[in-house]
Amino acid sequence: MHHRYFVLSLAGYRLFPGKLVAILSFLIPLSEWATSLCLLFPGGQTYGLILALGLLGIFSLVIFIKLLQGEEPTDCGCFGPGLKLELFWILLLRNLVLFGMSALPLFPQSHRPLTFWDQLLSPWITFVFCLTFAAWNRILSNNSLPLLKKKNLYE
């Protein structure tokens, strides 16, 4: 939705030459779109999952490289201008947890039929996970970082 902001975020990483930034600014959203389409259809879910894990892995690798370079924290550009997240180790940890959770469907699963309770709890668990993820992102956002940096919240 905010293509110009996304291009500036990619350029801000200073890891890619200008022409590659322009190409990546179209390839990354296209890959995300293809991933979501694959996840919608039963025959493509494994491919979508692999694409999602690949994208998350690449994003995490870029964050890791920037953190190792030790530069001043910059906005990761993950959620556009609406929610600015600075690159910190905790952001990388969040991505690794998401990667691990997302990889779970690749492992063998039991093939028992879903019960009434499974069907009742699945939407609730999904809602709680999404709410937790949104809260985590809000805590990590620039609006909350001054509170996280203080040793005592009452200072």
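Just so you know, these numbers come straight off a predicted model, no measurement behind them.

Asks: Account for the overall build of the protein chain, with residues named and values stated.
Replies: When helices and strands are tallied, the protein chain shows 6 helices and 0 strands. Across the 155 residues of the protein chain, 25% fall into the buried class. Looking at the protein chain alone, contacts between residues at least 24 apart form 56% of all its contacts between residues at least 6 apart. Counting only carbon and sulfur atoms, one obtains 73% of the accessible surface of the protein chain, whose full area is about 11200 Å².

Asks: Before we move on, can you summarise the pattern of salt bridges with the specific residues and values?
Replies: Within this structure, the stated rule accounts for 1 salt bridge. One salt bridge connects D118 with R112, and the closest N-O pair in it is separated by 2.6 Å. Classification of R112 as partly exposed rests on a relative accessible area of 48%.

Asks: Break down the nonpolar core for me, with residues and values.
Replies: Judged by nonpolar contacts, Y13, V62, I63, L67, C76, L85, L87, L91, L92 and L140 together constitute the single largest core of 10 residues. Every residue in contact with V62, bar those within four places of it in the chain, is listed here: Y13, L15 and F16.

Asks: Outline unusual backbone geometry, supporting the account with residue identities and numerical values.
Replies: The backbone of R14 shows a phi angle near 50°, a positive value even though the residue is not glycine. Counting through the fold element by element, R14 comes out in the loop between α1 (3-12) and α2 (18-40). Exposure remark for R14: the relative accessible area of 57% places this residue in the exposed category.

Asks: Go over the packing of α2 against helix α3 (residues 45-69), please, and point to the residues and values.
Replies: Across the interface, α2 lies against α3 with an axial gap of 7 Å and an inter-helix angle of 145°. In the crossing of α2 with α3, the sense of the turn from one axis to the other is left-handed. Facing α2, whose interface residues are I28, S31, E32, A34, T35, C38 and L39, α3 presents Q45, Y47, G48, L49, L51, A52, L55 and F59. Here the residues of the contact of α2 with α3 sort into 10 nonpolar, 4 polar and 1 charged.

Asks: Provide a residue-level description of the side chain of D118, including the pertinent values.
Replies: Within the secondary structure, D118 is located in helix α5 (residues 116-140). A distance of 3.0 Å separates a polar atom in the side chain of D118 from the backbone nitrogen of T115. Contacts of D118, omitting those with residues within four sequence positions, involve R112 and P113.

Asks: Could you give an account of the packing of aromatic side chains, naming the residues involved and the relevant values?
Replies: As enumerated under the stated definition, the model contains 4 aromatic pairs in all. Here W124 and F127 contribute two aromatic rings whose centre-to-centre distance is 5.7 Å and whose plane-to-plane angle is 35°, an arrangement assigned as tilted. Here the residue W124 and the residue F127 both occupy positions in helix α5, the gap between them amounting to 3 residues, near one helical turn. F127 sits in the partly exposed class, given a relative accessible area of 45%. With a centroid separation of 6.4 Å and 20° between ring planes, the pair formed by F129 and F133 is classed as stacked. Taken together, the residues span about one helical turn, with F129 and F133 both in helix α5 at a distance of 4 residues. For F133, a relative accessible area of 25% translates into the label partly exposed.

So, how was this worked out
Residues numbered from 1 in each chain as written. Predicted model: local features only at pLDDT ≥ 70, side-chain atom pairs only at ≥ 80, totals over all residues. Heavy atoms only, no water. Helix = DSSP H or I, 4+ residues; strand = E, 2+ residues; numbered from the N terminus. Buried < 20%, exposed > 50% of the residue type's maximum accessible area, 1.4 Å probe, protein only. Contact = heavy atoms within 4.5 Å. Areas by Shrake-Rupley, 256 points an atom, 1.4 Å probe, with all protein chains shown as cover. Salt bridge = Lys/Arg side-chain N within 4 Å of Asp/Glu carboxyl O. Core = buried A, V, L, I, M, F, W, Y, C linked by side-chain atoms within 4.5 Å. Axes fitted to C-alpha atoms, helices over the stretch in contact; angles between N-to-C directions. Left-handed = near helix turned anticlockwise from the far one by under 90°. Nonpolar A, V, L, I, M, F, W, Y, C, P; charged D, E, K, R; others polar. Polar contact = N/O pair within 3.5 Å; in protein donor to acceptor, adjacent residues only side chain to side chain. Phe/Tyr/Trp six-rings, centres within 6.5 Å; stacked < 30°, edge-to-face > 60°.

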